[in-house]
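# Geometric and topological summary
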Amino acid sequence: MELRDTPHRRYNPLTREWVLVSPHRTERPWQGKVHEAPREVQPAYDPNCYLCPGNARAAGVRNPSYNTTLVFDNDFPALLPSVPDTHLDLDGLIVAHPEQGICRVVCFDPRHDLTIASMNLQQIRRVVDVWIQQYNELGSIPWINHVQIFENRGSMMGASNSHPHCQIWANANLPNLPFREQESMEQYAKTQGTCMLCEYLKLEQNAKERIVCENEAFVALVPFWAVWPFEILVMSTRHLGAMDELAEKERDALSDILKQITSGYDKLFDVSFPYSMGFHQRPTDKKEHPEWHLHAHYYPPLLRSATVQKFMVGYEMLGTPQRDITPEIAAGRLRATTKSSAGQQQVKTESVLR
């Protein structure tokens, strides 16, 4: 079937949903930069930033003078560890259950002007180690069944502070998307006797059409079912369920692939590229989950330039998500940006993977 010029649906086996692809809507799916947004120069230290070392946060707590990473409980958390045991169920139509949780903030570095793209591999590795430590610590709490690590980058994605940081929300219950992925991967393992993402990765490695960048332990690609224009799926090449299973070299490799992705994003439109990203990994419900495969999702909103965004509106909100730029074209554009700096990163990548 010829997909390059024909409207068609693509199936997402992780969520069991469809996306409408309409490549015929423009003769040239990519028409270059439409607008350019000026780069905002950030200071290394901002006295008004509530995440910089030594500064007071909104709740009045003062940060320590940290020199690597900083983790603290969110001053205004969306979830609370202690909530009343109240339930509401009116004929199965008006239903509410209490939800416990813990929300934390992780500052990547004391410098206010850094991003994952501009940090060196050693700095990123420290962040990876903190993520693993937090996954283990929060996941060991008896009532915590899911640990969600995520980063909102840029005001366009709702980030209220440009200081390099991410959030961790630990829930008593699996959130919607990990729950769907859980069911899909579990069903696939039962019927096929193997891991869904391991098999999908084999197909992508054979095709090589949608792979953006890779190293010995991780592959970053635009998934066949991508919704967002430059969406990326990151998968470990070895079958493992969560970050805590990563060997030392694999932690280095994860640091490397994160830098390659974010650096490539920044070069795409010559801006500090906005995105929401997060890791999906094995639930922490103290059960065996051999069906789980560690992966991360990057969802960037930029469509054609630094100021032209993709929104979910109209048909997409009422029917099915839709895209014009195909995953194959998006992958080619992203691959070109990562290749442009491949020579500079090759020596570093090889050294950390030895």
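### A short note on the overall build of the protein
Secondary structure summary: the protein contains seven helices and 14 strands in total. Here the C-alpha atoms of the protein give a radius of gyration of 21 Å, agreeing with the 20 Å that 2.2 N^0.38 yields for 354 residues. Evaluated residue by residue, the protein yields a buried proportion of 51% over its 354 residues. For the protein, the share of sequence-separated contacts (at least 6 apart) that also reach a separation of at least 24 residues comes to 68%. Working note: accessible area of the protein is about 17000 Å², and carbon and sulfur atoms make up 52% of it.

### Quick look at the nonpolar core
In this structure, Trp-131, Leu-258 and Phe-279 are the most contacted members of the largest nonpolar core, which totals 56 residues. Apart from residues lying up to four places away in sequence, Trp-131 is in contact with Phe-108, Ile-149, Cys-166, Met-243, Leu-258 and Phe-279.

### As for a nonpolar patch on the surface
Together, Leu-88, Leu-90, Leu-93 and Ile-94 give the surface a local cluster of nonpolar side chains, amounting to about 410 Å² of exposed area. Relative to the assigned elements, Ile-94 resides in strand β5 (residues 94-96). Judged by relative accessible area, which is 47%, Ile-94 ranks as partly exposed.

### Brief notes about the packing of aromatic side chains
The full count for this structure, using the stated rule, is eleven aromatic pairs. With a centroid separation of 6.1 Å and an interplanar angle of 85°, the aromatic rings of Phe-230 and Phe-269 are classed as edge-to-face. On the criterion of sequence distance, the pair formed by Phe-230 in the loop between β10 (218-221) and β11 (232-236) and Phe-269 in helix α4 (residues 248-269) is long-range, its members being 39 residues apart. With relative accessibility at 0%, the residue Phe-230 sits in the buried group. Of the residues examined, Phe-269 reaches a relative accessible area of 3% and is grouped as buried.

### A look at the sheet that holds strand β6 (residues 101-107)
Strand order across the open sheet formed by nine strands is β3-β6-β8-β7-β12-β13-β11-β10-β9, with antiparallel pairing between neighbours. In this open sheet, the two edge strands, each paired with only one partner strand, are β3 (70-73) and β9 (211-214). Between one strand axis and the next, the sheet turns by 20° as a mean value, whatever way the strands run. Sheet analysis places β3 next to β6, joined by four bridges and oriented antiparallel. If you follow Val-71 over to β6, its bridge partner there is Val-106.

### Here's the deal with the sheet that holds strand β1 (residues 8-12)
As summarised here, the arrangement of the three strands in space is β1-β2-β14, forming an open sheet in which the pairing is mixed. The open sheet has two free edges, formed respectively by β1 and β14 (322-323), since each of these has just one partner strand. Relative to strand β2 (residues 17-21), β1 runs antiparallel, the two sharing five bridges. Among the inter-strand pairings, His-8 is bridged to a residue of β2, identified as Val-21.

### Overview of the pairing of β11
Summarising burial for β11: five of the five residues are buried, a large majority. Inspection of the sheet shows β10 paired to β11 by four bridges, in the antiparallel sense. Paired with Phe-218 across the strands is Ser-236, a residue of β11. As paired strands, β11 and strand β13 (residues 295-299) are joined by four bridges and run antiparallel to one another.

### As for helix α1 (residues 121-139)
Between its first and last C-alpha, α1 extends 26 Å over 19 residues, near the 27 Å set by a 1.5 Å rise per residue. Measuring from the backbone nitrogen of Gln-122 back to the side-chain oxygen at the start of α1 gives 3.1 Å, which picks out Asn-120 as the cap.

### So, the pattern of salt bridges
Under the definition given, this model contains 18 salt bridges. A salt bridge links Asp-129 to Arg-125, with the nearest nitrogen and oxygen atoms 2.8 Å apart. Taken together, the positions of Asp-129 and Arg-125, both in helix α1 and four residues apart, correspond to about one turn of that helix. Since its relative accessible area comes to 27%, Asp-129 is described here as partly exposed. Taking the relative accessible area as the measure of exposure, Arg-125 reaches 13% and is therefore buried. In this structure, Arg-210 engages Glu-209 in a salt bridge whose closest nitrogen and oxygen atoms are separated by 3.8 Å. Here the residues in one salt-bridge network are Arg-10, Glu-204, Glu-209, Arg-210 and Glu-328, joined through shared partners.

### Examining the side chain of Ser-276
Mapped onto the fold, Ser-276 is located in strand β12 (residues 275-280). Ser-276 sits in the buried class, given a relative accessible area of 17%. A polar atom in the side chain of Ser-276 sits 2.7 Å from the side chain of Asn-152. Ignoring anything within four residues of it in the chain, the contact list for Ser-276 reads Glu-151, Asn-152, Met-157, His-297, Tyr-298 and Tyr-299.

Cut-off values and rules
All residue numbers refer to position in the chain's written sequence, counted from 1. Selection of residues for local features in this predicted model requires a pLDDT of at least 70, selection of side-chain atom pairs for listing and counting requires 80 or more, and totals for whole chains, interfaces and linings are taken over all residues. Side-chain metrics in this entry use all non-hydrogen atoms of the structure; hydrogen atoms and water are not considered. Numbering of helices and strands runs from the N terminus; a helix is a DSSP stretch of H or I covering at least four residues, while a strand is a stretch of E covering at least two. Restricting the calculation to C-alpha atoms gives the radius of gyration, and the globule rule supplies 2.2 Å times the number of residues raised to the power 0.38. Think of it in three bands: residues with accessible area under 20% of the maximum for their type are buried, residues over 50% are exposed, and the middle band is partly exposed, with areas taken using a 1.4 Å probe on protein chains only. Any two residues having at least one pair of non-hydrogen atoms within 4.5 Å are treated as being in contact. For the accessible areas, the method is Shrake-Rupley and the probe is 1.4 Å, while residue cover comes only from the protein chains on display. Here, nonpolar core refers to any group of buried Ala, Val, Leu, Ile, Met, Phe, Trp, Tyr and Cys residues whose side-chain atoms link them within 4.5 Å. Each patch groups residues whose relative accessible area exceeds 30% and which form no salt bridge, using 9 Å between like charges and 5 Å between nonpolar side chains of Val, Leu, Ile, Met, Phe, Trp and Tyr. Take a side-chain nitrogen of Lys or Arg and a carboxyl oxygen of Asp or Glu: if they are within 4 Å of each other, that pair is a salt bridge. Aromatic contacts are taken between Phe, Tyr and Trp rings whose centres are within 6.5 Å, Trp giving its six-membered ring; a plane angle under 30 degrees counts as stacked, one over 60 as edge-to-face, and the others as tilted. Two strands qualify as a pair provided that DSSP identifies no fewer than 2 bridges between them. Each axis is a line fitted through C-alpha atoms, and for a helix only the stretch in contact is used; angles between axes span 0 to 180 degrees, taken between their N-to-C directions. Here a helix's expected span is defined as the number of its residues, less one, multiplied by 1.5 Å. Nitrogen and oxygen atoms within 3.5 Å of one another constitute a polar contact, given that in protein one can donate a hydrogen and the other can accept it, and given that sequence-neighbouring residues count only through two side-chain atoms.

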